[in-house]
Amino acid sequence: MTTAQTVLAASQHVSTGEAVTFWILAPLALLGAIGMVWARNAVHSALWLVLTMLCLGVFYVLQSGPFIGMVQIIVYTGAIMMLFLFVLMLVGRDSSDSLIETLRGQRVAALVLGVAFAALIGTGLFRALEGTSAVGLDAANANGNVQGISRLLFTRYVFAFEVTSALLITAAVGAMVLAHVERRKGERLTQVEQMRARFAPGNYPGPKAGPGVFATSTSVATPARLPDGTLSDTTHSKILPTRELTSSEAALKGTEK
């Protein structure tokens, strides 16, 4: 048996552990992909995508690609997706936000471009892999997995690498567009309007006294007293019950010196 036949036979053999791992993680990866598309909440969609990315990272490791597997888990899942997730959680996105289009016609354009891009990728992969048999990564990893990837990445596939970097930048810009909340002209308050609202009758523009200042008790439910002796309603939480003090409890205790 020649070396090529040995490599081909080894590539066609799947170990029991690899098969078990695939049948466990493949449904989870598919479930995560479907959940990412169908989730109405942007945060939930990002979490579903994280599940799919983790499963893909394990698949790369099983296929003798430890470097790309660790990059998938550490960089894409642990850094980029977590960054997008934190941004979405900070700006606050819910299902009602999807009813507002930041760019007019973006849904139709996204659907058309998504289908066209999927057809383009599928056609390219089919033509590139037609009549090609898998031989494994033993020859590519002969001098090391990292060395083999870097050699191909910066020589044969340098153009595809640059296109991928442009795609990532576009994805980052798209994430910022999704996180952008457009306010109508009437919802924006000018500085003059904010000043008038701050000093409107009934408001207290100055710093509020802390709980217990000039109070007759140390309880957080007891309102503090203002310098003129009146009770201040701004020093205790509205959800806490206000104590009903008797006249003897509210009277000064005569401990001042």
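Since we're looking at a predicted model, the values are computed, not measured.

(A) Region of the structure containing the overall build of the protein chain. When helices and strands are tallied, the protein chain shows nine helices and zero strands. For the protein chain, the N- to C-terminal ordering of α and β elements is α-α-α-α-α-α-α-α-α. Scored against the burial criterion, the 257 residues of the protein chain give a buried share of 14%. For the protein chain, the exposed area adds up to about 19500 Å²; of that, 68% sits on carbon and sulfur atoms.

(B) Structural view of the nonpolar core. Counting residues in hydrophobic clusters, the biggest one holds seven residues: V43, A46, V50, M53, M81, L85 and L88. Secondary-structure elements contributing two or more residues to this core are helix 3 (42-62) and helix 4 (66-91). Top element by residues in this core is helix 3. It accounts for four residues. Excluding anything up to four places from it in sequence, M81 contacts A46, L49, V50, M53 and Y76. Counting five residues, the second-largest nonpolar core is a separate cluster that includes L25, A29, C55 and F59.

(C) Looking closely at a nonpolar patch on the surface. A surface patch of nonpolar side chains, about 430 Å² in accessible area, is lined by V20, I24, L28, L31 and W48. Tallying contributions element by element places helix 2 (residues 16-38) first for the nonpolar patch, with four residues. Position of L28 relative to the elements: it lies in helix 2. Its relative accessible area of 34% is what places L28 among the partly exposed residues.

(D) Quick peek at the packing of helix 2 against helix 3. With their axes 8 Å apart at the nearest point, helix 2 and helix 3 run at an angle of 155° to one another. Taken together, the axis directions place helix 2 and helix 3 in an arrangement best described as roughly antiparallel. In the packing of helix 2 onto helix 3, the handedness of the crossing is left-handed. Between helix 2, through E18, T21, F22, L25, A26, L28, A29, L31, G32, A33, G35 and M36, and helix 3, the contact on the second element is made entirely by S45, W48, L49, L51, T52, C55, V58, F59 and L62. Of the residues that constitute the contact of helix 2 with helix 3, the class distribution is 15 nonpolar, five polar and one charged.

(E) Geometry of the confidence of the model for the protein chain. Across the protein chain, pLDDT averages 76, with 70% of residues at or above 70. Here helix 1 (residues 3-12) is the element of the protein chain with the lowest mean pLDDT, 48, and helix 2 is the one with the highest, 89.

(F) Geometry of the packing of aromatic side chains. Tallied over the full model, the rule gives three aromatic pairs. Taken together, a centroid distance of 5.4 Å and an interplanar angle of 75° make the contact between F22 and W23 edge-to-face. A relative accessible area of 63% places W23 in the exposed class. Ring centres 5.8 Å apart and planes at 45° place the aromatic pair F22 and F59 in the tilted group. Separated by 37 residues along the polypeptide, F22 in helix 2 and F59 in helix 3 bring together distant segments of the chain.

(G) Just helix 5 (residues 106-129), in detail. In this model, helix 5 (24 residues) spans 34 Å end to end at C-alpha, consistent with the 34 Å of a helix rising 1.5 Å per residue. Remark: G131 follows helix 5 within two positions and exhibits a positive phi of approximately 75°.

(H) Inspection of the side chain of Q72 at higher detail. Looking at the element boundaries, Q72 is found in helix 4. Residues within four places of Q72 in sequence aside, it is in contact with M53, L56, G57, Y60 and T77.

(I) Quick peek at the environment of A172. Within the element layout of this structure, A172 appears in helix 7 (residues 158-179). Through-space distance from the C-alpha of A172 to that of F84 is 8.5 Å; in sequence the pair is 88 residues apart.

(J) Spatial organisation of the side chain of S45. Here S45 is to be found in helix 3. By relative accessible area, which is 16% here, S45 ends up buried. Within the local environment of S45, its side chain forms a polar contact with the backbone oxygen of M36, the two atoms lying 2.7 Å apart. Ignoring anything within four residues of it in the chain, the contact list for S45 reads M36 and A39.

Calculation notes
Residues numbered from 1 in each chain as written. Predicted model: local features only at pLDDT ≥ 70, side-chain atom pairs only at ≥ 80, totals over all residues. Heavy atoms only, no water. Helix = DSSP H or I, 4+ residues; strand = E, 2+ residues; numbered from the N terminus. Buried < 20%, exposed > 50% of the residue type's maximum accessible area, 1.4 Å probe, protein only. Areas by Shrake-Rupley, 256 points an atom, 1.4 Å probe, with all protein chains shown as cover. Core = buried A, V, L, I, M, F, W, Y, C linked by side-chain atoms within 4.5 Å. Contact = heavy atoms within 4.5 Å. Patch = residues over 30% accessible without salt bridge, like charges linked within 9 Å, V, L, I, M, F, W, Y side chains within 5 Å. Salt bridge = Lys/Arg side-chain N within 4 Å of Asp/Glu carboxyl O. Axes fitted to C-alpha atoms, helices over the stretch in contact; angles between N-to-C directions. Parallel < 35°, antiparallel > 145°, perpendicular 65-115°, else oblique. Left-handed = near helix turned anticlockwise from the far one by under 90°. Nonpolar A, V, L, I, M, F, W, Y, C, P; charged D, E, K, R; others polar. pLDDT = per-residue confidence, 0-100. Phe/Tyr/Trp six-rings, centres within 6.5 Å; stacked < 30°, edge-to-face > 60°. Expected span 1.5 Å × (residues − 1). Polar contact = N/O pair within 3.5 Å; in protein donor to acceptor, adjacent residues only side chain to side chain.

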